[in-house]
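# Structure assessment
Letter by letter, the chains look like this.
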Amino acid sequence: MNLESIAFIFLMAPLLASGFLLLAKTVHHHERLSFVIYYLSTISGFLISLFFTILVLTKVNQRGPVSFYIGAHHSEVAISYTFSLDGLIIFFVALFISFTSWAYNDRKKTKQIEFSIILMIQLFSIGATLFTRDLFNLFVALEIMGITSYVLIAFSSKVRSSVASLYYLLSSSAAMIFFLLGTYLIYRLTGSLNYHQIRETLKGTAMSPATVFAASSIIVAILMRSALFPLHFWLPNAHAMAMHPVSAILSGILIKIPLIALTPFVQLFDFSQSIGTVIKILGALSAFFAVIFAFCQSDIKKLLAYHSISQMGYITAAWGYAMELSLATEAGRILYTASILHIIFHALFKSTLFLSCGTIIDVTAQRNVYKNRNAARILISADRKHLLTIIAFFLSALSITAIPFFNGYYSKNLITSSFHHQWIYTILFITGVFTTASFLKLSAIFFRPGPVENTQTIRKEKVPVLSYVLLIAALTVTAVYHSPIITGLLSSVFSSQSDIHLEFYESEIWMKSVTTIIIGTILYISIRSRTISHLMHLTETVEVNLQSMLISVILSVTGLGIYLLVRGVILI
Amino acid sequence: MIRYILLGILFIIGMYALIFHRSVIKKVIALGIVNTSVVLLFIISGSSIGDAPAFTGEQGARMVDPMVQALMLTAIVIGVCITSFSLALIVHLWGRFETFDIDTIEKRGDDES
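Residues numbered from 1 in each chain as written. Chains lettered and ligands numbered in written order. Predicted model: local features only at pLDDT ≥ 70, side-chain atom pairs only at ≥ 80, totals over all residues. Heavy atoms only, no water.

Counting its regular elements, chain A contains 24 helices and two strands. Here the C-alpha radius of gyration of chain A, 23 Å, is about what a compact globule of 572 residues would show, namely 25 Å. Taken over the C-alpha atoms alone, chain A extends approximately 70 × 60 × 50 Å along its principal axes. Counting every position in chain A, which comprises 572 residues, the buried fraction comes to 63%. Residue pairs at least 24 apart in sequence account for 82% of intrachain contacts in chain A once pairs closer than 6 positions are excluded. Carbon and sulfur atoms provide 66% of the accessible area of chain A, an area that totals close to 20,400 Å². (Helix = DSSP H or I, 4+ residues; strand = E, 2+ residues; numbered from the N terminus. Rg over C-alpha atoms; globule rule 2.2 N^0.38 Å. Buried < 20%, exposed > 50% of the residue type's maximum accessible area, 1.4 Å probe, protein only. Contact = heavy atoms within 4.5 Å. Areas by Shrake-Rupley, 256 points an atom, 1.4 Å probe, with all protein chains shown as cover.)

Right, let's talk about the interface of chain A and chain B for a bit. On the side of chain B, 42 residues touch chain A, which itself brings 35 residues to the contact. For the pairing of chain A and chain B, the buried interface totals around 3,500 Å² over both sides, and the portion due to carbon and sulfur atoms is 80%. It is A:Val159, A:Ile177 and A:Tyr184 in chain A that bury the most area against chain B; as a group they hold 18% of the surface buried on that side. For the side of chain A that touches chain B, the elements supplying multiple residues, two or more each, are helix H6 (135–154), helix H7 (159–190) and helix H24 (546–571) of chain A. Taken together, the residues that form the side of chain A that touches chain B break down as 25 nonpolar, six polar and four charged. (Buried area = accessible area lost by both parts, 1.4 Å probe. Nonpolar A, V, L, I, M, F, W, Y, C, P; charged D, E, K, R; others polar.)

The subject of this paragraph is the nonpolar core. Residue and element names in this part refer to chain A. In terms of nonpolar packing, the biggest core is built from 234 residues, with Phe83, Phe179, Ile219 and Tyr336 touching the most fellow members. Ranked by residue count, the leading element in this core is H7, at 20 residues. If we ignore the near neighbours within four places in the chain, the residues touching Tyr336 are Asp86, Ile260, Thr263, Trp319, Ala322, Met323, Leu327, Val493 and Phe494. Val291, Cys296, Ala437 and Met536 belong to the second largest nonpolar core, which has nine residues in total. (Core = buried A, V, L, I, M, F, W, Y, C linked by side-chain atoms within 4.5 Å.)

So, about a positive patch on the surface. All names here are of chain A. Together, Arg107, Lys109, Lys385 and Lys462 make up a region of like positive charge exposed at the surface. Within the secondary structure, Lys109 sits in the loop between helix H4 (85–108) and helix H5 (112–131). A residue is classified by how much of its surface remains accessible, and Lys109, at 48% relative accessible area, is partly exposed. (Patch = residues over 30% accessible without salt bridge, like charges linked within 9 Å, V, L, I, M, F, W, Y side chains within 5 Å. Salt bridge = Lys/Arg side-chain N within 4 Å of Asp/Glu carboxyl O. Lys, Arg positive; Asp, Glu negative; His and termini not counted. Charge placed at Lys NZ, Arg CZ, Asp CG, Glu CD.)

All right, on to the side chain of A:Thr211 then. Residue and element names in this part refer to chain A. For Thr211, the position within the fold is in helix H9 (residues 209–225). Within polar-contact distance, the side chain of Thr211 engages the side chain of Ser208 at 2.5 Å. Thr211 has contacts with Leu189, Leu202, Phe269 and Phe271, leaving out every residue within four places of it along the chain. (Polar contact = N/O pair within 3.5 Å; in protein donor to acceptor, adjacent residues only side chain to side chain.)

The next subject is the environment of A:Thr53. All names here are of chain A. Position of Thr53 relative to the elements: it lies in helix H3 (residues 31–63). Its relative accessible area of 0% is what places Thr53 among the buried residues. Along the chain, Thr53 and Leu88 lie 35 residues apart, while their C-alpha atoms are 7.0 Å from each other.

So, about a nonpolar patch on the surface. A cluster of nonpolar side chains, contributed by A:Phe405, A:Trp510, A:Val514, A:Ile518, A:Ile519 and A:Ile522, occupies part of the molecular surface with about 550 Å² of accessible area. Inspection of the secondary structure assignment puts A:Trp510 in helix H22 (residues 507–525).

Our focus in this paragraph is the packing of H6(A) against helix H11 (residues 244–254) of chain A. Residues and elements named next belong to chain A. For the pair H6 and H11, the least separation of the axes is 10 Å and the interaxial angle reads 150°. Between H6 and H11, the angle falls in the class roughly antiparallel. As for how H6 packs across H11, the hand of that crossing is left-handed. Across the interface between the two elements, Met145, Ser149, Leu152 and Ile153 from H6 touch Val246, Leu250 and Leu254 from H11. (Axes fitted to C-alpha atoms, helices over the stretch in contact; angles between N-to-C directions. Parallel < 35°, antiparallel > 145°, perpendicular 65-115°, else oblique. Left-handed = near helix turned anticlockwise from the far one by under 90°.)

This brings us to unusual backbone geometry. Residues and elements named next belong to chain A. Between Phe229 and the following residue, Pro230, the backbone shows a cis peptide bond with an omega angle of 5°. For Lys111, which is not glycine, the phi torsion reads 45° and is therefore positive. By the element assignment, Lys111 lies in the loop between H4 and H5. We classify Lys111 as partly exposed; its relative accessible area is 40%. In the Ramachandran plot, Asn374 falls in the positive-phi region, its phi being about 60° despite a non-glycine side chain. Mapped onto the elements, Asn374 comes out in the loop between helix H15 (330–364) and helix H16 (375–382). Judged by relative accessible area, which is 13%, Asn374 ranks as buried.

What follows is the structure in structure tokens.
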């Protein structure tokens, strides 16, 4: 079968499904017909996309990345798409997370058809963002991804979710204007929007302020979607106030997509290593500051949302360091693989955490981590199947805290060990301590004894068994087969036989894990101290308004631009 | 040159209002202004290489860059989508709080949650 004829099917299938879902919406007065169309289009959308993703993935694995053009055969005006293995793997994970979240929402029966329509359009935009090699097409794909996110966030009945959606919309749109401005400058400088031609034109040319400003405008706009410090202020409220399956998709997969799209873009510039340095530092700071805020939160979902920023910090730090060292080096490849690995593992455990904690919040009718007591007993008395909710929660909580034998342990250690003997290693160690303390605090909802009358407020919620079973299976499989996954990723993505030494159970790594757990437990116990709890409360109440969010975008663009220019002058 | 200076002024006015104006409606209008300034920048830049309309078949005339016109058509459509959805959100918030003031919306939203 010709690869070109099937390559776009997995992208177009969800978009086509969304069209049929609109039909289901229009015939909503024929309930049965509407639901037949709804299930048929959604499931076939997922299945066709999954089938062709696997097909393209196996072919790309054999041949290496393949490029195609849309619109014309002449590469100067056609839109270029490159299907690389890393992008296809992430798209596969996106399909998986979207399906589990869809199954969760379908079980809860909340705005099923509307949710599916937006979800399918979003899946299409995820694919377009991952594979496009055309600057303006990337702009369109990111905007579609953004618009679908704003709509999904606003789906919740809470008024706070509409405010969060509006804040995200305004700040993100402001950042995208800089993206458009950057696109203008690149087009003006090179006369093309195609990555390959931009690279050819810019190669060897002197670093000009226009090139630097174009690069920094586009990079900041993309990194804002990935919630990198100091562009992350929109995320906590948006992810915490959205419906649970929406939070799972947004935190699980959506914030990672722009970073993967940034990889080929950054490599267009001769100063890509300097960009990598900045992103590495910002990633480490992101991990550190966000985990402190996460630890201080009393709202369960807000705590998880801050942890998403923190974990994205790990990913971006590894990604930035990979760019700094260059993907042509062995160390750079290992770091890039580590970031992809953490993207996959984090997508699994963070989605599970949002879905399981969402169920806990719904059943116990309590979002406050300190007031939520006796959750295990309440869940089991509501429905015995909630045992799956408890297993899913603990599996993912142990993964995020990097406890040995759980998947997060492998990806986090692969990242942190690469920073050995650097200040970032200490920062990430402290982040690990705070993560342990945060999840001890969150897990306490199951063990903290509560008054008997709590059981009277139990809400009978349907248990999304399919979602939990799939996620638990994925978490277990990735933990057990971590080693072949890592070596497979490394050799397939870079088509090289790397002789990587994977030793996760050396005494030093064990000692680090044990020390992290011990200090984390001490930190958790210290919450009882009045001074610490007062400090935590003060930190929790820190809110950033829209004005500061918008100013941070402008400052980031100028700051990054000035840094790159100064560094360029120094290097010359 | 004067065209670029005017566009710069339009951009700054829009950005200033987007950041500092307290009314959410005016923020959305400001977003439209900033967006328009960038769209105009593309169009003006595209028209600098010629003066005849694109693909009219005029003999001997240098046509403007048709690429930027196609791109900006898409950018305008995206801008319309964003404006309409943000206005829908604002209508929803107005129904709840009866105000367009961003600080009041923020404060009352916090109180409700």
